[in-house]
Amino acid sequence: MDAISYLDRRSKLQDYFDRTANDAWAKLTSDAPVSGIRATVRAGRDQMRNTIISRLPEELSGKRILDAGCGTGALALELANKGALVTAVDLSPNLIELAKSRIPEGNRRNIKFHSGDMLDDAYGEFDYVIGMDSMIHYCAKDMLVVLEKLSSRVSEKILFTFAPSTLPLEVMIRVGRLFPRKDRAPFIEPISHTKLHKSINQSPWFVDWETPFTHLVSSGFYKSQLMELTKQS
Ligand SMILES: C[S@@+](CC[C@H](N)C(=O)[O-])C[C@H]1O[C@@H](n2cnc3c(N)ncnc32)[C@H](O)[C@@H]1O
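As a starting point, this report considers the structure included with it. (Residues numbered from 1 in each chain as written. Predicted model: local features only at pLDDT ≥ 70, side-chain atom pairs only at ≥ 80, totals over all residues.)

**Description of the nonpolar core**
To keep it simple, the criterion reads: Here a nonpolar core is just a set of buried residues of the types Ala, Val, Leu, Ile, Met, Phe, Trp, Tyr and Cys, joined wherever their C-beta atoms sit within 7 Å. Residues are called buried when their C-beta atom has 20 or more other C-beta atoms within 10 Å, exposed when it has 12 or fewer, and partly exposed otherwise; all C-beta atoms are positioned from the backbone. Helix and strand definitions here come from DSSP, where helices need a minimum of 4 consecutive H or I residues and strands a minimum of 2 consecutive E residues; each element is numbered from the N-terminal end. A residue pair is marked as a contact if its C-beta atoms, positioned from the backbone, fall within 7 Å.
Ala76, Val129, Ile130 and Phe162 are the most contacted members of the largest nonpolar core, which totals 52 residues. The dominant element in this core, judged by the number of residues it contributes, is strand E5 (residues 154–164), at six residues. Contact partners of Ala76, with chain neighbours within four places excluded, come to Asp67, Cys70, Val86, Ala88, Ala99 and Ile111.

Encoded structure:
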């Protein structure tokens, strides 16, 4: 990993999610009415969460899951409802407070929330790691190293998403870069599916791993590709 680019991006993301976008993110992840475009994003995100859950066993009792970049905690709650022991980590202390406040009392003992970096190995080892839209702002090189580091702490699967590189997305980002704005989200980094797959196949960290499943969710402005990395037994 280019430590400088990772740390620089991480600090911008923390600032963005903890301050600039905190209210918008709280609203998007609630039931409050949102504009048409945001409604398509919300629908896409619901679809993605359901797809991720469908790739895990029905019975999750006692399974240790890292929700890496948990945001406001919707996925963590669903996993805890299935009996998983969830460690939910996010850079933003404000989102973590909001996530905690959204967890009904009965589920609290199955979820441990932390504000911090998902790569911190103090959180321990896991059966599954999930990174839903939490790596999409890192460049391809850094994303690969994030996955490599997480792989050393997982015994079964990593499920993560990335923004698949498409011409319209590349154009949108390039045009956006011409008009810098202080409150803009750190840019999403479009990733070539083929190149990412190749880098994973060539990485010495993933010699015992397979990529058995990948799935694109496309709903209005939400386009996100799920990839599953499974450790061979
Ligand atoms: C687009 S949001 C997605 C949140 C959540 N996974 C969801 O789908 O609702 C990305 C989240 O990833 C978090 N994040 C990004 N990099 C992180 C890192 N290195 N460690 C922990 N959290 C991170 C951000 O703070 C932000 O809350």
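This is not the end of the story, as more comes after the structure.
**Topic: unusual backbone geometry**
Positive phi values are uncommon outside glycine, yet Asp133 reaches one of about 55°. Mapped onto the secondary structure, Asp133 falls in the loop between strand E4 (126–131) and helix H6 (140–151). The exposure class assigned to Asp133 is buried, which follows from the 20 C-beta atoms found within 10 Å.

**What to know about the site of the ligand**
Short version of the rule: Here, nearness means that the C-beta atom of a residue, built from backbone geometry, sits within 6 Å of the molecule or strand in question. Three categories are distinguished: nonpolar for Ala, Val, Leu, Ile, Met, Phe, Trp, Tyr, Cys and Pro, charged for Asp, Glu, Lys and Arg, and polar for the others, with Gly belonging to the last.
Neighbouring the ligand are 18 residues, the closest being Phe17, Gly69, Gly71, Met118 and Ser134. Within the residue set of the shell around the ligand, elements represented by two or more residues are helix H1 (3–20) and strand E2 (85–90). Per-element tally for the shell around the ligand: the top contributor is H1, with three residues. When its residues are assigned to classes, the shell around the ligand shows nine nonpolar, five polar and four charged.

**Here's the deal with the environment of Thr51**
Looking at where Thr51 falls in the secondary structure, it is placed in helix H3 (residues 36–54). Each C-alpha atom of the pair Thr51 and Glu170 lies 26 Å from the other, and the pair is 119 residues apart in sequence. Contact partners of Thr51, with chain neighbours within four places excluded, come to His215, Val217 and Leu226.

**Brief notes about the environment of Val145**
In this fold, Val145 is placed in helix H6. Take Val145: there are 17 C-beta atoms within 10 Å of it, and that puts it in the partly exposed class.

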